[in-house]
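# Tertiary structure, described
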Amino acid sequence: MPKPDNAQKMYKCARCGHMFPVGPDGRATCPKCGHDCSPSKCQVVGASNEDY
Ligand SMILES: [Zn+2]
């Protein structure tokens, strides 16, 4: 099935640097330190399979 956005967006936590997937509503809470991330707070990085 086709996916409109094949690049999984990730947040890089501004507090601890942990990277985790952006939630469906565009924000997410860092599972490591509990920092509440939104696009204005944490850096959004597009994870691709060309990382390595
Ligand atoms: Zn964190």
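All figures in this text were calculated on a predicted structure; none of them were measured in a lab.

## Re the overall build of the chain
- Check the secondary structure of the chain and you find zero helices and five strands.
- Reading the chain from its N terminus to its C terminus gives the helix and strand order β-β-β-β-β.
- Taking all 52 residues of the chain together, the buried fraction comes to 25%.
- Nonlocal contacts in the chain, meaning residues at least 24 apart in sequence, comprise 34% of its contacts between residues at least 6 apart.
- Summed over its atoms, the accessible surface of the chain is roughly 4100 Å², and 51% of this surface lies on carbon and sulfur atoms.

## Examining the coordination of the zinc ion
- Bound to the zinc ion are the protein donor atoms Cys13 (SG), Cys16 (SG), Cys30 (SG) and Cys33 (SG), situated 2.3 Å from the metal.
- Angles of 105 to 115° at the metal separate the four donor atoms of the zinc ion, which places the site in the tetrahedral class.
- Each donor residue of the zinc ion lies on the same chain, and together they follow the pattern C-x2-C-x13-C-x2-C.
- For Cys33, a relative accessible area of 29% corresponds to the partly exposed category.

## Quick word on the pairing of strand E1 (residues 8-12)
- Where E1 and strand E2 (residues 19-21) come together, three bridges link them in antiparallel fashion. Across the sheet, residue Met10 finds its bridge partner in E2, namely Pro21.
- What sits between E1 and E2 in their antiparallel hairpin is a turn of six residues, with Gly17 showing a positive phi close to 85°.

What counts, and at which threshold
Residues numbered from 1 in each chain as written. Predicted model: local features only at pLDDT ≥ 70, side-chain atom pairs only at ≥ 80, totals over all residues. Heavy atoms only, no water. Helix = DSSP H or I, 4+ residues; strand = E, 2+ residues; numbered from the N terminus. Buried < 20%, exposed > 50% of the residue type's maximum accessible area, 1.4 Å probe, protein only. Contact = heavy atoms within 4.5 Å. Areas by Shrake-Rupley, 256 points an atom, 1.4 Å probe, with all protein chains shown as cover. Donors = N, O, S within 2.8 Å, 3.2 Å for Na, K, Ca; no water. Tetrahedral: all angles 85-135°; square planar, octahedral: opposite > 155°, others 65-115°. Pairing = 2+ DSSP bridges.

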